[in-house]
Amino acid sequence: MAENETMECITEHERILQEIESTDTACVGPTLRSIYDDQPNAHIRFMEKLDARIRNHDREIEKMCNFHHQGFVDAITELLKVRTDAEKLMGQVTDTNRRLQEAGREVTAQTGEVIRCRSQQRNMATTVEKLQLCIPVLQMYSKLKEQLESKRYYAALKTMEQLEKIYIPRVSQYRFCQIMAENLPRLREEIKEISMSDLKDFLESIRKHSDKVGETAMRQAQQHRTFNSAVAKQASVGHYAKPLYSLNWQTHTRNILMTEDDDDADEEILTAQDLVDFSPVYRCLHIYAVLGDRETFENYYRKQRKKQARLVLQPQANTHETVEGYRRYFNQIVGFFVVEDHILHATQGLVTRAFTDELWNMALSKIIAVLRTHSSYCEDPDLVLELKNLIVIFADTLQGFGFSVNRLFDLLFEVRDQYNETLLKKWALVFREIFELDNYSPIPVETEDEYKLVVSRFPFHDAEIEKQDFPKKLPMSQSVPQIYMQVKEFIYASLKFSESLHRSSTEIDDMLRKSTNLLLTRTLSSCLQNLIKKPHIGLTELVQIIINTTHLEQACRYLEEFITNITNVSPETVHTTRLYGLSTFKDARHAAEGEIYTKLNQKIDEFIQLADYEWSMAESDGRASGYLMDLINFLRSTFQVFTHLPGKVAQTACMSACKHLSTSLMQMLLDTELKQISMGAIQQFNLDVIQCELFASSEPVPGFQGDTLQLAFIDLRQLLDLFMVWDWSTYLADYGQPTSKYLRVNPATALTLLEKMKDTSKKNNIFSQFRKNDRDKQKLIETVVKQLRSLVNGMSS
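What comes next is a walk through the structure. Given the structure is predicted, the values throughout are model-derived calculations rather than measurements.

The rules behind the values
- Here the residue index of a chain counts from 1 through its sequence in written order.
- Given that this is a predicted model, residues contribute local features only at a pLDDT of at least 70 and side-chain atom pairs are listed and counted only at 80 or more, while totals for whole chains, interfaces and linings are drawn from all residues.
- Hydrogens and waters are ignored; side-chain quantities use all the structure's heavy atoms.
- Helical segments are the DSSP runs of H or I of at least four residues, strand segments are the runs of E of at least two, and each set is numbered from the N terminus.
- Three labels apply to residues, based on accessible area from a 1.4 Å probe with only protein chains included: buried if under 20% of the type maximum, exposed if over 50%, partly exposed otherwise in between.
- The contact rule is simple, with two residues in contact once any of their heavy atoms fall within 4.5 Å.
- Only the protein chains shown count as cover for residues, with accessible areas throughout obtained via the Shrake-Rupley method and a probe of 1.4 Å.
- The distinction between a cavity and a pocket rests on a 1 Å grid over the protein atoms alone: a 1.4 Å probe fits inside a cavity but cannot get out, while a pocket stays open yet meets protein on both sides within 12 Å along at least five of seven lines, and a residue with an atom within 4 Å of a point counts as lining.
- Grid points are joined across faces, edges and corners, and a volume is the space filled by probe spheres set on the points.
- Put simply, Ala, Val, Leu, Ile, Met, Phe, Trp, Tyr, Cys and Pro go in the nonpolar bin, Asp, Glu, Lys and Arg in the charged bin, and everything else, Gly too, in the polar bin.
- The disulfide criterion is simple: two cysteine sulfur atoms within 2.5 Å.
- Here, expected helix span is obtained from the residue count minus one, scaled by 1.5 Å.
- Helix axes are fitted to C-alpha atoms over the stretch in contact, other axes to C-alpha atoms as well, and angles between N-to-C directions run from 0 to 180 degrees.
- Left-handed describes a crossing whose near helix is turned anticlockwise from the far helix by less than a right angle; the clockwise case is right-handed.
- Roughly parallel means an angle under 35 degrees; roughly antiparallel, over 145; roughly perpendicular, 65 to 115; everything else is oblique.
- Salt bridge, as used here, is a side-chain nitrogen of Lys or Arg placed within 4 Å of a carboxyl oxygen of Asp or Glu.

### As for the overall build of the protein chain
Helix and strand content of the protein chain: 27 helices and four strands. For the protein chain, the residues scored as buried account for 41% of the 797 residues in total. Sequence-distant contacts, at least 24 apart, represent 77% of the contacts inside the protein chain between residues at least 6 apart. Split by element, the accessible area of the protein chain, about 45000 Å² in all, is 51% carbon and sulfur.

So, in structure tokens, the structure goes:
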């Protein structure tokens, strides 16, 4: 056991020694510490082992030294020999070093200079390098200043952007760059303010130039329309082969043509930029876009343009007085929207189609309201027509820029009604003047040329009159051809308004016919009615008016043909409106006929008022009263004038006059103010009635059958016969029988007249002498009165 432990200890000491010999000195500490950690007193045995190993190495070193000693001695000997040569070499080296030091002293001085120059060169290179970085910044900043001075603000903003993003970051450590960077925001704000000021100046300027822009645009539209109209006319007659020049008109054109001379082949083309400088808008738009504030600019621009639109759309107070007022109003509006159209197409999104459409719709409503109001004040048809032409040019101009103008053409239909109203008022004055200047006598023609002149103005054809020798007379008066020509002039005037309304021939035909109908049925009819009612128009004039209306009525079909030739619309078309002239002239003729009857009756009344009967006369004069003979002579001469009238008119007038005369005479007998009447007065009255009957039987107007005209006096005749014959027994016996001799005598009428003849007053009794002679007759009268009263009472019950 002890032996085993000893062997293990020896082995362990051997291992430690080998480890000490083979490892680095720094690692020996842990190895030695392990010796003390193993067994007590182990270090003593290790020291013994270590001493033994040291002695063993010493013996090996000694053996090695002994082996190499002779070689060492020989080396020392050789070294001693070299020593002398080494000293000699040392002297040479020292000498060489001295000479080298002396020779290199100048080189050393020059080398220091070189080092200093190279340091300066290096500093200069660094400076140049830094300056090369700074110079572009300074150049750009100088360029920025120049751009600001020359008002190239958009370029200045681009320069600022380059300075901020490219140049200044390279040299941001320098103070001047920091100052520059601090100034850039302030310069941007200045640019915004300046550009906004320029925009405001532009907006103010555009208000002044809008009138010129609109005038030029409307002139071009008018030239385009005139050119197209000329081409269409040439093509329609077959004389148009090839145009010498052409106008290129596009729907969205922004080019405005302004010609100094219509005969010039080369026309000067002016664009919107030629009339208006748009650079402030572009500049301001780009500036705000670069600054990232485009939306603010767009909102401001649109808001200001809306305000200007409202100002433009507000007409002046006297706009409706002259066509120039309307022209200026339209020019400003056209100029406004031409500018907006240019802005729409020249910029990207500053204004949009929706915005311009919104402005246009607002403007359109205002324009229509203004025109509707102001046109109602206009009483001059020429001004209304010029207004219509302006509206058409205005609409065509804006339609060429893509704006919807259908509502304007709809408005023109309202203006057309106003135009027709002004025409009707104008032609009413014309008709009245014609009627006032007419002499209401047939037109005398002395020569064939005069006849042809009349026929060329009015479609008159009469074979019998044409066969007559000159001089001769035409049945109508001078007003007939004048009225006919004025109706044609009215149709032409109405047609002028229908031009350029983009309507079909059928619609134009319908408009012409309707307006002509208004002229005939309202204006001319009213003038005729007023003429007929005028106090100074006598029977002769009324007869001539009836003749005139007859010829005008016959001429209506020629007016139909006239309108058909203008519009090329067949009268057989389903929706073609017919002229109502026939009814107009028939109504006027009927009114004239009625006025003839009225005036005849009035004249009869005038003669009746001249009657001066002596109602208490004992016997008649034996001849008819003078007033009645004058009346009959008047009627004879009047009915001779009626020979030119249609038969029924003359017959009706004659019958009406006789009836009125009969009624007037009857009323004279039955007048309540007439209290007494003698038999002599009855006899005198009978003589007058006989003259009336003779007049009726003389056939003053041809066409009456038998004694038709005499029947007008039948009531008077039977009443007078009853009193003249004193045939009361027959009257009373046959009363109510169809075959009664006195069928037309009314009991009340007979009673009234009989009471006037009855003795009711002792102071004034026309039967006093008779009563002395025959009291029975007086009793008979009283009996007849009682019976008549009984009949009257029976009729009333």
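Read on for the rest.
### Observations concerning empty space enclosed by the protein
Going through the model one piece at a time under the given rule, you end up with three cavities of 30 Å³ or more. Roughly 50 Å³ of internal volume is contained in the largest cavity. Lining of the largest cavity is provided by F435, Y440, S479, I483, L528, L531, I545, N548, T549 and L552. Those elements that place two or more of their residues in the lining of the largest cavity are α15 (479-498), α16 (505-533) and α17 (539-554). For the lining of the largest cavity, the element with the highest residue contribution is α17, accounting for four residues. In terms of residue class, the lining of the largest cavity is built from seven nonpolar, three polar and no charged.

### Focus: the state of the cysteines
Disulfide: a covalent bond formed between the sulfur atoms of two cysteine residues. In this structure the tally under the stated criterion is zero disulfides. You can see C177 has no disulfide; the closest cysteine sulfur is in C134, sitting 5.6 Å from it. C658 takes part in no disulfide bond, and the closest cysteine sulfur, belonging to C654, lies 4.4 Å away.

### Points about helix α18 (residues 556-567)
Between its first and last C-alpha atoms α18 spans 17 Å; for twelve residues at 1.5 Å apiece the expected length is 16 Å, and the two agree. Taken together, the buried positions of α18 are C556, Y558, L559, E560, F562, I563, T564 and T567. Where α18 ends, the next residue or the one after it, N568, has phi of about 60°, a positive value.

### Topic: the packing of α15 against α17
Put simply, α15 and α17 touch, their axes get as near as 10 Å, and they point 35° apart. Between α15 and α17 lies a crossing of right-handed hand. Residues S479, V480 and I483 of α15 touch α17, and the partners they reach there are N548, H551 and L552. Of the residues belonging to the contact of α15 with α17, the class tally is three nonpolar, three polar and no charged.

### Digging into the environment of S404
With respect to the element layout, S404 can be found in the loop between α11 (381-400) and α12 (406-437). With a relative accessible area of 44%, S404 lands in the partly exposed category. As a C-alpha pair, S404 and L364 span 40 residues in sequence and 9.3 Å in three-dimensional space. In contact with S404, not counting residues within four places along its chain, are W360 and L364.

### Focus on the packing of α15 against α18
For the pair α15 and α18, interaxial distance at closest approach is 11 Å and the crossing angle is 25°. Classified by the angle between their axes, α15 and α18 sit roughly parallel to one another. Crossing of α15 against α18: the hand is right-handed. Where α15 approaches α18, its residues Y484, V487, K488, I491, Y492 and L495 are matched on the opposing element by Y558, L559, F562, I563 and I566. Broken down by class, the residue content of the contact of α15 with α18 amounts to ten nonpolar, no polar and one charged.

### Details of the pattern of salt bridges
Counted by the stated rule, this structure contains 28 salt bridges. Here E215 makes a salt bridge to R219, at a shortest N to O gap of 3.1 Å. Residue E215 and its partner R219 are both found in helix α5 (residues 175-237); the two are separated by four residues, about one turn of the helix. In this structure, a network of salt bridges that share partners links the residues D95, R98, R99 and E102.

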